[in-house]
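Examination of the molecular architecture
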Amino acid sequence: MKLRDFYRIIMFVILVMVFTICVTSCSSEGVSNQAGKTDFSLSASQEAVTLNALDNGLALTPPMGWNSWNAFEADIDEQKIRQIADAMVDSGMRDAGYTYLVLDDGWMASSRDSDGNLVAEPNKFPSGMKAIGDYIHSKGLKFGIYEDRGHWTCQQLPGSFEHEQADMDTFASWGVDYIKMDSCFAENNGRLSSEDYTLYKNCIIKTGRPMVLSISDFGNGAWAWGGEDMAQLWRTSGDIFPWMDSVYYCADTSGGNHSIHPAFNGLWQFAGPGHWNDPDMLQVGNLAKDIENRAHFSLWCILAAPLMAGNDLRSMSDSVKNILTAPEVIRVNQDARGIQGYKVYDSGDQEIYNKPLQDGTAAVLLLNKGSEPVDITITWDKIGLSGSQKVRDLWARKDLGYYKDSFTAYNLTQHGHMLIKVGSTGSPLPAPAPVASDKYMVTKSGTTYLSDLCYIWKNGNAPRSDKNYNNSPITINGITYNKGLGCKGNSKIMYKLNNKADSFKAVVGLDDSYSGNSTGRFRIYNEDLFGNKVLFDSGNMDRGSSAKNIDLDVRGVKCLLLVFEGDNVLGDWANAQAIAVN
Ligand code: GAL
């Protein structure tokens with residue numbers, strides 16, 4: 001046995017022991033598995049390659065391509081798209097792996113034809129979409145197209161609502177390979193997001209043509225309600241813009257705890273071959289400086305994010321081209337193991353991400369977001385290694401030598417970073433343990449208090465478990481409750497009932513400690529806001545209002561969305577509990 005393998009086994013055993021001792025519940029914020037305290041026990045479920053239910057073997061690594069939106073918004077036409085297809089080939093983008101050419105919103109006519117079919121806008125695309133698809137294919141590229149599940153697209157062009165099968169058939173007949181499906185004007189479809197996207201999945205299967213399905217619900221928790229059973233990628237964020245605050249924000253919707261309980265340490269456990277978190281398309285080439293373009297690209301690569309270029313490829317500079325086609329950086333993104341990189345350190349301004357690769361090495365990103373120059377050190381214990389390890393600089397494509405116990409990137413200015421590959425080839429390094437299902441969904445019969453679960457999605461203020469928002473006992477109308485969620489408006493929190501619970505009970509009201517005069521309103525939705533399936537509405541409540549008892553039938557509900565509105569008002573979901581008969 002090689003010394004290196006011996007070290008790995010010892011490390012692994014130690015880490016499994018540490019993990020076993022340290023496993024804690026998710027009932028309070030950031031108690032386990034948070035940045036800097038990652039567990040390294042191998043997880044069989046995480047290692048298994050899961051194909052999503054579209055089951056067409058597509059997107060086993062994050063999709064790569066180009067999309068028209070970030071460069072042109074709706075201002076696209078036939079000539080531009082052909083030129084882009086040419087540029088994808090001539091620039092070497094296609095050969096670097098960018099195969100999908102996706103036409104975003106703005107390609108279609110403002111109304112359907114007399115048979116109800118979607119048609120291309122005749123002035124912009126006089127040859128029609130089939131011809132565009134043929135041209136794209138003739139270049140050895142794949143053809144992608146945008147639609148929307150609402151009545152209208154975001155540009156108020158015809159959406160696919162009530163034309164689902166017909167439109168998917170149309171796309172198949174045009175030779176489409178990739179569908180980006182959006183959610184504008186979908187609130188009144190009367191269908192949950194999961195129902196809508198299951199419908200599209202089935203329509204696509206019915207066409208008989210393998211097509212990637214990329215879905216958006218503006219980052220409202222597709223990983224929670226089963227995105228991976230429906231689509232190969234789902235948006236985790238709102239739209240990305242060409243400045244670094246926006247880039248870092250979008251990255252954090254996937255790699256950070258922006259919209260999930262900190263115990264998850266980002267969304268990495270929901271990604272894998274055939275199903276990816278999508279923090280939106282690239283702005284590489286649209287940012288002000290090369291260092292920004294590189295930082296953005298490094299982040300998307302380590303996060304196993306889809307790489308959909310969004311710059312005008314016809315006029316891209318050599319430096320931008322070199323960033324987008326950097327072979328060793330792309331290889332991190334396209335690694336067959338498909339583990340999304342996760343944070344092992346986050347000080348606010350400085351971050352370190354780790355992505356264990358198929359070949360037994362680890363890709364590590366050391367990034368300075370802050371304005372002051374800093375040194376950042378990664379110690380091998382944070383990535384499951386020890387001793388002397390080989391380090392390669394993936395941007396410079398240069399071996400840096402062997403480093404004992406740690407590696408330091410010196411004097412990183414703002415957005416400065418290093419993307420390195422650590423270790424030698426061999427058996428894959430352990431991935432951290434994902435949060436176990438019983439920590440974030442209802443799995444058992446009897447009562448499960450929501451405050452004992454990790455929320456799976458949030459927007460606004462996170463709740464406190466078994467305390468009011470100020471960490472004092474939950475008290476409504478003079479009665480103190482031991483269990484429950486203490487909230488401060490505005491707060492939207494999603495819990496995963498997983499079709500397991502039969503009823504949901506809670507007592508709601510403003511917390512007695514709230515001394516203001518604003519009102520608060522409690523609402524419960526089935527899943528997310530899209531189906532508009534309101535299961536409970538307290539109406540406006542103030543300090544004088546009596547608590548309200550909730551007792552709901554939640555059979556068949558995958559996720560429950562608890563919404564508390566009220567500007568800085570303190571409100572409680574006292575005794576919030578899911579009850580499963582079986
Ligand atoms: C947004 C979407 C963008 C772009 C735009 C088109 O909802 O997030 O990526 O597709 O619609 O109108």
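Everything discussed here concerns the structure shown above.
It should be emphasised that the depicted structure is a prediction, and the values quoted were computed from it without experimental measurement.

**A look at the site of the ligand**
In the vicinity of the ligand, the residues found are Trp69, Asp104, Asp105, Tyr146, Cys154, Gln155, Lys180, Asp182, Phe218, Arg235, Asp239 and Met281. The side chain of Lys180 places a nitrogen or oxygen atom 2.8 Å from an oxygen atom of the ligand. Within the side chain of Arg235, an N or O atom sits 3.1 Å from an oxygen atom of the ligand. Expressed as a share of its isolated accessible area of 310 Å², the protein-covered part of the ligand is 95%.

**A short note on the environment of Leu192**
The residue Leu192 is located in the loop between β4 (178–182) and α8 (193–207) in this model. Residues Leu192 and Tyr353, spaced 161 residues apart in sequence, show a C-alpha to C-alpha distance of 34 Å. Setting aside residues up to four positions removed in sequence, Leu192 forms contacts with Arg149, Asn526, Glu527, Gly531 and Lys533.

**Quick notes on the sheet that holds strand β6 (residues 233–235)**
With parallel pairing, eight strands are arranged side by side in an open sheet as β7-β6-β5-β4-β3-β2-β1-β8. The sheet is open, and its two edges are formed by β7 (276–278) and β8 (307–309), each paired on a single side. The sheet shows a mean angle of 25° between the axes of neighbouring strands, direction not considered. The sheet contact formed by strand β5 (residues 212–215) and β6 spans two bridges and is parallel. Opposite Ile215, over in β6, you have Trp234 as the bridge partner.

**Quick word on the sheet that holds strand β9 (residues 342–346)**
Note: strands within a sheet are paired through backbone hydrogen bonds, in either parallel or antiparallel orientation. One open sheet accounts for six strands, arranged β9-β10-β11-β16-β13-β14; its pairing is antiparallel. Both edges of this open sheet fall to β9 and β14 (398–404), since each of them pairs with a single strand only. Neighbour-to-neighbour, the strand axes of the sheet open up by a mean angle of 25°, direction not taken into account. In the sheet, strand β13 (residues 388–393) pairs with strand β16 (residues 417–422) via three bridges, with the strands oriented antiparallel. Each bridged residue has a counterpart across the sheet, and for Asp393 the counterpart in β16 is Ile420. Contacting β10 (350–356), β11 (362–368) and β16, helix α12 (residues 290–302) crosses the sheet at an angle of about 140° to β11.

Cut-offs and rules
- Residues numbered from 1 in each chain as written.
- Predicted model: local features only at pLDDT ≥ 70, side-chain atom pairs only at ≥ 80, totals over all residues.
- Heavy atoms only, no water.
- Near = heavy atom within 4 Å.
- Polar contact = N/O pair within 3.5 Å; in protein donor to acceptor, adjacent residues only side chain to side chain.
- Areas by Shrake-Rupley, 256 points an atom, 1.4 Å probe, with all protein chains shown as cover.
- Helix = DSSP H or I, 4+ residues; strand = E, 2+ residues; numbered from the N terminus.
- Contact = heavy atoms within 4.5 Å.
- Pairing = 2+ DSSP bridges.
- Axes fitted to C-alpha atoms, helices over the stretch in contact; angles between N-to-C directions.

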